[in-house]
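Each chain is listed here by its residues.
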Amino acid sequence: MRIDVITIFPDYLNPLREALLGKAIERERISVGVHDLRDWTHDVHRAVDDSPYGGGPGMVMKPDVWGEALDEVCSPQEATPRLVVPTPAGRPFDQKTAVRWSKDPWLVFACGRYEGIDQRVIDDAAARMPVEEVSIGDYVLVGGEVAALTMIEAVVRLLPGVLGNPLSAEQDSFSDGLLEGPCYTRPEVWRGRPVPDVLRSGNHAAIDRWRRDQALERTFHRRPELLAALPEGDLDKADRKQ
Ligand SMILES: Nc1ccccc1-c1cnco1
């Protein structure tokens, strides 16, 4: 997978070179390009924003600069990129989206700041590639860089050979529609708090049942809407006793 990120703060994307993602680059599971939007400005001030038509607070990112940047970064090659635009006004990003994007050959992230990017940039790009405006949650960030890092990590960890234990990608939270329950490791007793006996019993059927019950209980208390969204039949009889 190829990943490109366009931003006015390229250093914000340095964490992509660290740890798990850094290893994925070393192993050539992904190739990453980070591009400074200001490279496509032509004025002495390297301006990337301007006042909003219709008035109002803040500034809007200029269409001409973004247009040239996307023309070059997304210039047609053997594949067509999916353009991802992080924005608080976007559709919610979730694990299903991460799984879908993990099958793409090329993702390009357009990180906007200020009040956003002139809408004509999105509309123009949508005429020649798939474009998705996506939010990572209902809160306001200063720019799209942190959102891009979050989504890139969620996608790249799903690629073959990136995670040490491929099983964990399937077993992590949300993969079965529930939150993960509590987890424990040594010591057996810590500050007077023991590990639940069932986890040390060696009875794997009982352990699986306990873990499922914990996941159901936690999901019920913290994210009840996830239970309501479970496909019909996903909850078996034993679950219903919860
Ligand atoms: N608040 C923001 C400001 C700029 C670009 C993205 C966001 C965003 C994305 N998901 C939530 O917020």
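As shown above, the structure is provided for reference.
Thresholds, definitions, all that
- Residues numbered from 1 in each chain as written.
- Predicted model: local features only at pLDDT ≥ 70, side-chain atom pairs only at ≥ 80, totals over all residues.
- Heavy atoms only, no water.
- Helix = DSSP H or I, 4+ residues; strand = E, 2+ residues; numbered from the N terminus.
- Buried < 20%, exposed > 50% of the residue type's maximum accessible area, 1.4 Å probe, protein only.
- Contact = heavy atoms within 4.5 Å.
- Areas by Shrake-Rupley, 256 points an atom, 1.4 Å probe, with all protein chains shown as cover.
- Lys, Arg positive; Asp, Glu negative; His and termini not counted.
- Charge placed at Lys NZ, Arg CZ, Asp CG, Glu CD.
- Arc of directions from axis to C-beta.
- Core = buried A, V, L, I, M, F, W, Y, C linked by side-chain atoms within 4.5 Å.
- Near = heavy atom within 4 Å.
- Polar contact = N/O pair within 3.5 Å; in protein donor to acceptor, adjacent residues only side chain to side chain.
- Nonpolar A, V, L, I, M, F, W, Y, C, P; charged D, E, K, R; others polar.
- Patch = residues over 30% accessible without salt bridge, like charges linked within 9 Å, V, L, I, M, F, W, Y side chains within 5 Å.
- Salt bridge = Lys/Arg side-chain N within 4 Å of Asp/Glu carboxyl O.
- Phe/Tyr/Trp six-rings, centres within 6.5 Å; stacked < 30°, edge-to-face > 60°.

**Student:** Hey, could you run me through the overall build of the chain in this one?
**Tutor:** Along the chain, the regular secondary structure elements total nine helices and nine strands. Overall, the C-alpha framework of the chain stretches about 70 × 40 × 40 Å when taken along its three principal axes. Scored against the burial criterion, the 242 residues of the chain give a buried share of 40%. Pairs at least 24 residues apart make up 73% of the contacts formed inside the chain by residues separated by at least 6 positions. Approximately 14700 Å² of the chain is accessible, and the part contributed by carbon and sulfur atoms is 52%. The average position of the 30 basic charges and that of the 40 acidic charges among the side chains of the chain differ by 8 Å.

**Student:** What is the right way to look at helix α4 (residues 119-126) in this model?
**Tutor:** In an α-helix, one turn spans 3.6 residues; hence positions three or four apart end up facing the same way. Among the residues of α4, those classed as buried are V121, I122 and A125. For α4, the arc enclosing every buried residue in end-on projection is 95°, short of the 170-degree limit, so these residues lie on one face. Among the structural elements, α2 (63-73), β5 (82-92) and β7 (131-135) are those in contact with the buried residues of α4.

**Student:** I'm lost on the nonpolar core in this one. Help?
**Tutor:** Considering soluble globular proteins, one finds that nonpolar side chains tend to be buried as a cluster. Counting residues in hydrophobic clusters, the biggest one holds 27 residues, and the most contacted among them are I3, V5, L16, W101, F109, M151 and V156. Counting only elements with at least two residues in this core, the list comes to β1 (2-7), α1 (19-26), α3 (95-101), β6 (106-110) and α5 (145-156). Among the elements that take part in this core, α5 stands out by supplying eight residues, more than any other. Residues within four places of V156 in sequence aside, it is in contact with I3, L21, A24, I30 and V162. The next biggest cluster of nonpolar side chains, apart from the first, holds 23 residues, and it includes W40, V48, M61 and V73.

**Student:** It is not clear to me how the site of the ligand should be interpreted in this structure. Could you clarify?
**Tutor:** Every residue near the ligand is listed here: P86, T87, P88, G112, S135, I136, G137, Y139, V140, L141, G143 and G144. Within the backbone of I136, an N or O atom sits 2.9 Å from a nitrogen atom of the ligand. In this structure, Y139 approaches the ligand through a main-chain N or O atom, which is 3.4 Å from an oxygen atom. Calculation on the ligand without its partners gives an accessible area of 310 Å², and the protein chains cover 95% of this total. It is β5 that contributes the most residues to the shell around the ligand, three residues altogether. The residue inventory of the shell around the ligand, partitioned by class, reads six nonpolar, six polar and no charged.

**Student:** Sorry, what's going on with a nonpolar patch on the surface here?
**Tutor:** A cluster of nonpolar side chains, contributed by F9, Y12, Y139, L141 and V146, occupies part of the molecular surface with about 450 Å² of accessible area. The topology assignment puts Y12 in the loop between β1 and α1.

**Student:** Could you clarify how one ought to interpret the side chain of E145 in this entry?
**Tutor:** Summarising the element assignment, E145 is placed in helix α5. A polar atom in the side chain of E145 sits 2.6 Å from the side chain of T7. Looking at E145, its side chain comes within polar contact range of the side chain of R113, at 2.9 Å. Look past the residues within four positions of E145 in its chain and what remains in contact with it is T7, I8, F9, Y12, L13, C111 and R113.

**Student:** Help me understand the packing of aromatic side chains, please; the structure alone is not making it clear to me.
**Tutor:** Two descriptors summarise a pair of aromatic rings, namely the distance from one centre to the other and the angle between the planes of the rings. Per the stated rule, a full pass over the model turns up three aromatic pairs. Ring geometry for W101 and F109: centres 6.4 Å apart, planes at 75°, overall edge-to-face. One exposure class covers both W101 and F109, and it is buried. Through a chain of ring-to-ring contacts, the aromatic side chains of F93, W101 and F109 assemble into a single cluster.

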